[in-house]
Amino acid sequence: MSGTGLPHDPSQPLPVEAQQLWEVNAGWWQRSFTEGADPEYREQIVPLLIELLTEAAPATVLDIGCGEGQLSRVAARLPGVRFVAGVDPTSSQLEAALERQPGARGAETGDAEAGDAEARDAEAPDAGAGHAEAGHAEARDAGAGYAEAGDAGAEHAATGGTAGHAETGHAETGAAEAGHAETEDDGHGRRAPGSAGVQYARATATALPFSDQSFDAAFACLVLEHIEGLMEAITEVGRVVRPGGSFLLFMNHPLLQVPGSGWVDDDILGEQYWRIGPYLAENHAVEEVDKNVWIPFVHRPLSVYVNALAAVGMYLTKMIEPAPPPGFLEKAEEYRQAAGFPRLLVLRAEKFALP
Ligand SMILES: C[S@@+](CC[C@H](N)C(=O)[O-])C[C@H]1O[C@@H](n2cnc3c(N)ncnc32)[C@H](O)[C@@H]1O
């Protein structure tokens with residue numbers, strides 16, 4: 001892993017400690033890309049997520065690699081959404097997610113009551129983190145902490161129980177009770193906007209602590225291109241999404257953002273080209289994305305994602321390649337000429353429902 005002191009062959013998977021880089025860089029991510037700091041989130045990712053989730057009309061939603069929860073909170077505000085779960089292995093992200101939870105002390109927005117914020121008997125290994133260790137804890141509510149569903153083979157959760165309740169290796173997601181969130185009816189049989197709770201669990205995409213077919217929709221935004229174990233992660237998506245449900249995948253465009261891509265200035269012809277790096281070879285690397293900020297990246301050809309989804313019965317029903325949004329183009333003069341090149345790729349896959 002060049003630049004991080006660990007040598008690494010880019011054709012081979014990254015060592016597990018590469019994931020720790022998110023722990024180190026969570027603050028950088030939060031400052032640079034959340035709470036409206038980033039025009040691509042503000043002008044593109046959030047509106048697209050709202051559009052696609054609104055079309056799918058889910059009641060239960062899973063945010064895989066939720067970070068500090070910005071998109072979980074967006075999903076939770078959508079009409080009809082009763083329950084949102086966010087999972088991420090990085091505790092510094094989950095701690096920020098809890099602080100930013102509407103209704104939490106210190107949260108800036110208070111448009112959704114997350115509930116009673118009460119943890120019982122939690123044995124949080126790192127004091128002050130406010131998270132519950134699976135097997136010992138009863139974190140009864142969204143505001144109280146996150147379930148430690150963990151890397152250590154947490155058993156699958158049952159939905160329908162008390163939200164956020166982590167017990168004997170089960171993280172129970174409360175699709176029915178949704179963390180005591182006030183899910184008020186708007187008088188027309190629909191749920192009022194802003195009423196769902198978000199439950200967080202510390203878990204990786206490759207071991208989701210939920211039972212089969214728990215969710216109407218799942219999404220992962222700028223996550224899968226950072227992790228090893230793609231097939232395992234997609235298999236987990238196929239397992240936890242119900243037949244007929246959707247998976248939304250937001251990625252750095254795998255064709256146009258290959259490592260080694262970038263602008264080439266042709267001084268003789270006075271032209272600028274976007275060079276594309278070697279596309280077909282998988283590339284596992286740690287890249288410096290900002291000064292002293294090193295993040296794991298795994299490049300895979302697009303077919304790897306589409307075929308992985310198809311292998312678990314999830315078929316592509318929409319593909320969006322948006323032009324970079326105006327706020328991004330304004331900040332980067334060189335990209336103004338590249339308004340015709342997408343940076344983002346969004347795929348919607350739907351799980352085949354047997355008749
Ligand atoms: C670029 S951030 C995106 C966060 C969030 N999806 C968003 O759009 O704001 C990538 C996130 O992936 C998480 N992550 C890293 N390894 C992961 C894994 N194996 N499974 C799930 N998430 C992972 C990181 O902790 C980080 O929060």
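See the structure printed just above.
Since we're looking at a predicted model, the values are computed, not measured.

(A) Spatial organisation of the environment of tryptophan 22. Tracing the sequence through the fold places tryptophan 22 in helix α1 (residues 21–33). Residues tryptophan 22 and glycine 67, spaced 45 residues apart in sequence, show a C-alpha to C-alpha distance of 9.3 Å.

(B) Spotlight on the pairing of strand β14 (residues 283–290). Two strands pair when backbone bridges link them, and β14 and strand β15 (residues 293–299) are joined in this way by seven bridges, in the antiparallel orientation. Within the sheet, the bridge partner assigned to histidine 284 lies in β15 and is valine 298. Counted along the chain from β14 to the antiparallel partner β15, the turn is two residues long, and its residue asparagine 292 has a positive phi close to 60°.

(C) Spatial organisation of the site of the ligand. Around the ligand, a shell composed of 20 residues is seen, among which Trp22, Gly65, Gly67, Thr90 and Ala205 lie nearest. Of all the secondary structure elements, the ones that give two or more residues to the shell around the ligand are α1 and α3 (70–76).

(D) Here's a closer look at the packing of helix α5 (residues 230–240) against helix α6 (residues 302–311). Packing of α5 against α6 leaves a shortest axis separation of 9 Å and a crossing angle of 40°. Between α5 and α6, the crossing angle belongs to the class labelled oblique. Judged by the twist between their axes, the crossing of α5 over α6 is right-handed. Two secondary-structure elements touch here, α5 through Leu230, Met231 and Ile234 and α6 through Val304, Ala308 and Leu309. The residue inventory of the contact of α5 with α6, partitioned by class, reads six nonpolar, no polar and no charged.

(E) The arrangement of the pairing of strand β17 (residues 344–351) in detail. Most of β17 sits inside the fold, with seven of its eight residues counted as buried. The pairing of strand β11 (residues 241–252) with β17 spans seven bridges and is antiparallel. Within β17, the residue paired with asparagine 252 across the bridge is leucine 344. Relative to β17, strand β16 (residues 314–320) runs antiparallel, the two sharing six bridges. What sits directly across from leucine 316, in β17, is alanine 349.

Conventions used here
- Residues numbered from 1 in each chain as written.
- Predicted model: local features only at pLDDT ≥ 70, side-chain atom pairs only at ≥ 80, totals over all residues.
- Helix = DSSP H or I, 4+ residues; strand = E, 2+ residues; numbered from the N terminus.
- Pairing = 2+ DSSP bridges.
- Near = placed C-beta within 6 Å.
- Axes fitted to C-alpha atoms, helices over the stretch in contact; angles between N-to-C directions.
- Parallel < 35°, antiparallel > 145°, perpendicular 65-115°, else oblique.
- Left-handed = near helix turned anticlockwise from the far one by under 90°.
- Contact = placed C-beta atoms within 7 Å.
- Nonpolar A, V, L, I, M, F, W, Y, C, P; charged D, E, K, R; others polar.
- Buried ≥ 20, exposed ≤ 12 C-beta atoms within 10 Å, placed from the backbone.

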